Amino acid sequence: FYRFVQPAETTDEWFLPFDLPDRSDMKSVRVISGFGTYRSGFVKGHRHSGIDIVPAVDKDSIVVYPAGAGTICLIRPAAPNKTVIIKHKLNDSTVIYSSYIHLKDIYVRNGQEVNQDTLLGVLYSKAEARAFDGDYDHLHFEIKKRIDDYCCASWLCMSPEELEEYFYNPSDFLKSVLIQ
């Protein structure tokens, strides 16, 4: 599902990944599950590689947008973990990746250039998530340092040290890059 691509431009601005009046205010989202917490699903005992978030105000349909400009480099189409990963090039030439997991519908394609206003997808409603016997009605959001692990680190990291090798804490990352 991976496509080797290079972003055409650098990611200079970052945003919260939802349709919100202020996409730079962390108070606009609720963090349901934090980075590094113990997980009992899929591989028991792994550490949560991202944050699970939703808008702070309940909405019937939650649309998801990129946190910043970049290029779609991976789409995993299997429900309920449909995933879009965006490759971002920073001003210092560092490359990082933002990952959007639990999308019901995906509206982008591999290799596509995106910005903060490109519609990526829509999340499952609570009722739709129940069909998969899980709580997939949130966005699992990751900031990855690399993806040479075939994205397996998302459910195989068992320690804080392993998380540190592959991921940034998305809450800390967003707090440091959102324009206030």
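Refer to the structure presented above.
Residues numbered from 1 in each chain as written. Predicted model: local features only at pLDDT ≥ 70, side-chain atom pairs only at ≥ 80, totals over all residues. Heavy atoms only, no water.

1. Focus on the pairing of strand β6 (residues 95–101)
Consecutive side chains along a regular strand alternate between the two faces of the sheet. Heads up, the rule is: Exposure is judged per residue with a 1.4 Å probe applied to protein chains only, and the accessible area is read against the type maximum: over 50% gives exposed, under 20% gives buried, and values in between give partly exposed. Helix and strand definitions follow DSSP, with helices as H or I runs of at least four residues and strands as E runs of at least two, each counted in order from the N terminus. A pair of strands is treated as paired once DSSP finds two or more bridges between them.
Within β6, six of the seven residues are buried, which leaves the element mostly enclosed by the surrounding structure. Across seven bridges, strand β5 (residues 83–89) lies against β6 in antiparallel orientation. Considered in β6, the bridge of Thr83 is made with Ile101. The loop that links β5 with its antiparallel partner β6 comprises five residues; one of these, Ser93, has a positive phi angle of about 75°. As paired elements, β6 and strand β10 (residues 139–144) share five bridges and run antiparallel to each other. In the strand pairing of β10, Ser98 is matched with Ile143.

2. Re the pattern of salt bridges
Convention followed: Salt-bridge detection follows one rule: a side-chain nitrogen of Lys or Arg within 4 Å of a carboxyl oxygen of Asp or Glu.
Summed over the entire model, instances satisfying the criterion amount to nine salt bridges. Residues joined by salt bridges that share partners form a network here, namely Lys104, Asp105 and Glu128.

3. A look at unusual backbone geometry
Pro80 follows Ala79 through a cis peptide bond whose omega is 0°. Along the chain, Pro80 turns up in the loop between β4 (70–76) and β5. Here Ser93, not a glycine, exhibits a phi torsion of approximately 75°, which is positive. Mapped onto the secondary structure, Ser93 falls in the loop between β5 and β6.

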